[in-house]
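# Observations on chain architecture
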Amino acid sequence: MNQLKEQSQWDVIIVGGGATGLGIALDSTTRGYKTLLLEQVDFAKGTSSRSTKLVHGGVRYLAQGNIDLVKEALYERGLMLKNASHLVRNQSFIIPNYKWWDAFLYTVGLKIYDFLAGKLSFGTSLRISKNETASRLKTIKQENLKGGVVYHDGQFDDSRLAVNIAQTAIEQGATVLNHFKVEKLLKNEAGIVNGVVAKDAETNTVYSLNAKVVINATGVFSDDILQMDDALAKNSIRPSQGVHLVLDKSFLPGNDAIMIPKTDDGRVLFLVPWHNRVVVGTTDTLLDSHSLEPTALDKEIEFILETANRYLIKQVTKNDVLSIFAGLRPLAAPKDKSEKTKEISRSHKIIVSKSGLITITGGKWTTYRRMAQDTLNKAIELGKLPASKCKTKNLLIHGADGSTDTSQHLYIYGSDTKGIRQLIDESPELGEKIHPRLEFIKAEVVWAIRNEMARTVEDVLARRVRVLFLDAEAAIEISPMIATMLAKELHKDNEWKQGQISNFIEIASRYVIKN
Ligand SMILES: Cc1cc2nc3c(=O)[nH]c(=O)nc-3n(C[C@H](O)[C@H](O)[C@H](O)COP(=O)(O)OP(=O)(O)OC[C@H]3O[C@@H](n4cnc5c(N)ncnc54)[C@H](O)[C@@H]3O)c2cc1C
């Protein structure tokens, strides 16, 4: 907070701390601009913690003939594996084929996918026999199975990467704050945006902060900021919800993920191993409004269960679901009644308002670095910032240590693992598990509070140690213990602690399926 008192004039202020905003903060500070990022809740609180956890070119977009988009994403996929090696893994996917023609089609299509990745390929795709498909995917239905096609993409921990990008930006000189909401935009006499009014949620202190450029990187919340700029601005975004279910590993026991290329509603369904469990999704449901905690609809849950059960021998029921989470994509709202809603999230879009406010929406996690590069280049092109080249192509993200050993769960901390082990050496009780069903330990919680800017029970259990996304009931059970640990570290009283527990339980109950 001292930085805010000492510095009221910034080069760049970024509103929103998801993948897009954090990528921009990192790009901006490494180009030498005085950079401030403000996130209203926590890093990756929005869509960026609710993805399918894939670092991918998008096989689906290839089928749509969107070659340039796939090529760009495959390139960024390769950079992410190099720059955040502790969080991004090479993941093999198998497409089970029940028709000979499909086997042929996907083999050819995925060869093109391999080719587009060029030097940054994750491995060659190939056709496999029925026997090999069945032996690698122990739970796949074998009736009419003809074989499979194996291909490779990346898999990652989305909100942990967000936190690590925030840390990298801070290490490179940026000021990056969570729990800090932008409430108004400031303008000069000519009507040009030259800053923001923002409130620190912990102290309720309000700050007026000036900047040469203000960047709106708020995803599905973009219209809220655009309407701060122009109260009469029409909604430009319509949210579409995507839901995922998390299951026990026994539903997909091997190392391979499953990709179902065409569900009944024309989407792709993934079953992906993640933190020793399986993430299954997703859906595409148009909504009329956005919120910070979108909630899965019954019909979305039914759809995922039904589709998965068509392919799995071991049938999934609602009782098997450990956690359920929903995320929102920003779609372009129709301009008039005759126009249909169309997706803009495939490629990103930069909008410059009359007031000079720059808004960036769409894209995907995989392309966050490229989106940041394009946004800063735009600000330079507009003459708002002195020219400076992008420096993030080979920049290592906090924690990257080049290790690919994933045999113990602390691997996701990369070079920070030794810091966590040191905590246990100093206080051996921190080596205890936080819940008997989970692999996570108390030292990770202390680490998150001391080193990763976690300020609430939800920050810890949703986005640092991913318990809420992996086992929502367990998260609810341990919330009083986590609140006690937070209160001790942050010197908070009992009233604060009780408030934390009830807030968390209210949010976490949305991640539990009610029968
Ligand atoms: C269901 C689903 C699955 C996906 N799966 C994948 C995948 O597997 N791989 C992939 O590459 N991409 C995937 N994506 C896309 C990817 O998740 C998004 O492109 C990305 O997370 C968007 O990030 P963002 O920063 O633009 O938005 P968000 O993550 O939503 O961030 C916006 C932030 O702005 C903050 N904010 C809003 N208003 C204010 C304010 N007034 N003041 C301060 N802060 C504010 C919010 O709190 C929020 O944290 C998926 C998307 C969805 C919906």
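Residues numbered from 1 in each chain as written. Predicted model: local features only at pLDDT ≥ 70, side-chain atom pairs only at ≥ 80, totals over all residues. Heavy atoms only, no water.

With that settled, the discussion passes to the site of the ligand. Every one of the 37 residues lining the ligand counts as a neighbour, but Thr20, Glu39, Ser48, Leu54 and Thr366 are closest to it. At 3.4 Å from an oxygen atom of the ligand is found a main-chain nitrogen or oxygen belonging to Lys53. Of all the elements in the fold, those that place two or more residues in the shell around the ligand are helix H2 (19-30), strand S8 (180-187), strand S11 (237-248) and strand S16 (323-332). Looking at the shell around the ligand residue by residue, the classes come out as 12 nonpolar, 19 polar and 6 charged. (Near = heavy atom within 4 Å. Polar contact = N/O pair within 3.5 Å; in protein donor to acceptor, adjacent residues only side chain to side chain. Helix = DSSP H or I, 4+ residues; strand = E, 2+ residues; numbered from the N terminus. Nonpolar A, V, L, I, M, F, W, Y, C, P; charged D, E, K, R; others polar.)

In this section: the packing of H2 against helix H7 (residues 158-171). Packing of H2 against H7 brings their axes to within 9 Å, and their N-to-C directions diverge by 20 degrees. Considering the angle they form, H2 stands roughly parallel to H7. Read as a crossing pair, H2 and H7 show a hand that is left-handed. In this structure, H2 contributes Leu22, Gly23, Ala25, Leu26 and Thr29 to the contact, and H7 contributes Ala162, Ile165, Ala166, Thr168 and Ala169. The residue inventory of the contact of H2 with H7, partitioned by class, reads 7 nonpolar, 3 polar and no charged. (Axes fitted to C-alpha atoms, helices over the stretch in contact; angles between N-to-C directions. Parallel < 35°, antiparallel > 145°, perpendicular 65-115°, else oblique. Left-handed = near helix turned anticlockwise from the far one by under 90°. Contact = heavy atoms within 4.5 Å.)

With that settled, consider empty space enclosed by the protein. The tally for this structure, following the rule as stated, stands at 4 cavities of 30 Å³ or more. Each pocket or cavity is described by its volume, and for the largest cavity that value is around 110 Å³. Considering the residues around the largest cavity, the lining is formed by 13 residues, among which Asn83, Tyr368, Arg369, Thr392 and Ile397 are closest to the centre. If you list the elements that add at least two residues to the lining of the largest cavity, you get H2, helix H4 (67-83) and helix H10 (368-381). Top contributing element to the lining of the largest cavity by residue count: H4, with 4 residues. For the lining of the largest cavity, a count of residues per class yields 7 nonpolar, 4 polar and 2 charged. (1 Å grid on protein atoms, 1.4 Å probe; cavity = no way out; pocket = protein on both sides within 12 Å on 5 of 7 lines; lining within 4 Å. Points joined across faces, edges and corners; volume = space filled by probe spheres on them.)

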